[in-house]
Amino acid sequence: MNINVDNDKLTIDGCGVKIADLNQGFLDDVVSKSLIDDVEYKLEGDHPLVKFFKALQDGTKEGSALRQKMKEVQTVRAAVEKDDSEEAEAPEDEPSMTGEESKEQS
């Protein structure tokens, strides 16, 4: 994804976009792609739109707090999935003996 902002002119992948088109779904997509370095930014000027995308770029770059938190969540998720798959593969314990059965075996 290419985001180009020249003062108040916004283009995404070469297509002009209106500020009103910046909805939650679009912004979620931009953040998700930014977190995996799948967005190229070209930001020029001092318009609030430039500042917004600059903040988004800075907040999702390598070493940012958000990216660090994402890595922590992925690590925890992977550990949980590993534990879940190991539990699913483990054989069930043998049925436990009742008190009477235990005495009989002694």
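Going by the structure above, here's the rest.
Conventions and cut-offs
Residues numbered from 1 in each chain as written. Predicted model: local features only at pLDDT ≥ 70, side-chain atom pairs only at ≥ 80, totals over all residues. Heavy atoms only, no water. Axes fitted to C-alpha atoms, helices over the stretch in contact; angles between N-to-C directions. Helix = DSSP H or I, 4+ residues; strand = E, 2+ residues; numbered from the N terminus. Parallel < 35°, antiparallel > 145°, perpendicular 65-115°, else oblique. Left-handed = near helix turned anticlockwise from the far one by under 90°. Contact = heavy atoms within 4.5 Å. Nonpolar A, V, L, I, M, F, W, Y, C, P; charged D, E, K, R; others polar. Core = buried A, V, L, I, M, F, W, Y, C linked by side-chain atoms within 4.5 Å. Buried < 20%, exposed > 50% of the residue type's maximum accessible area, 1.4 Å probe, protein only. Pairing = 2+ DSSP bridges.

A.B. asks: I'd like a description of the packing of helix α1 (residues 24-35) against helix α2 (residues 48-60), backed by residues and values.
C.D. replies: Orientation of α1 relative to α2, taken along the N-to-C sense of each, is 40°, at an axis distance of 9 Å. Regarding the angle of α1 to α2, the classification is oblique. In the packing of α1 onto α2, the handedness of the crossing is right-handed. Within the contact between the two elements, α1 uses Phe26, Leu27, Val30, Val31, Ser34 and Leu35 and α2 uses Phe52, Phe53, Leu56 and Thr60. By residue class, the composition of the contact of α1 with α2 is 8 nonpolar, 2 polar and no charged.

A.B. asks: Go over the nonpolar core, please, and point to the residues and values.
C.D. replies: Within the largest apolar cluster, 14 residues are counted, with the highest numbers of intra-cluster contacts made by Ile3, Val5, Leu10, Val30, Tyr41 and Phe53. Within the residue set of this core, elements represented by two or more residues are β1 (2-6), β2 (9-12), α1 and α2. The biggest single contributor to this core is α2, with 4 residues. When neighbours within four sequence positions are excluded, valine 30 is seen to be in contact with Met1, Ile3, Val39, Tyr41 and Leu56.

A.B. asks: Provide a residue-level description of unusual backbone geometry, including the pertinent values.
C.D. replies: Its identity is not glycine, yet asparagine 7 carries a phi of approximately 55°, on the positive side. The topology assignment puts asparagine 7 in the loop between β1 and β2. Despite not being glycine, aspartate 13 has its phi angle at roughly 50°, a positive value. Among the secondary structure elements, aspartate 13 is positioned in the loop between β2 and β3 (15-17).

A.B. asks: Can you lay out the pairing of β1 for me, pointing to particular residues and giving the numbers?
C.D. replies: Here β1 shows a buried face lined by Ile3 and Val5 and an unburied face lined by Asn2, Asn4 and Asp6. Across 5 bridges, the pairing between β1 and strand β4 (residues 40-44) is parallel. The residue of β4 that forms the bridge with aspartate 6 is glutamate 44. In this sheet, β2 lies alongside β1 in antiparallel orientation, the contact comprising 4 bridges. Residue valine 5 lies in a different strand from β2, and its bridge partner there is leucine 10. Hairpin connection from β1 to β2: 2 residues lie between these consecutive antiparallel strands, with asparagine 7 at a positive phi of about 55°.

Structural measurements only, silent on function.
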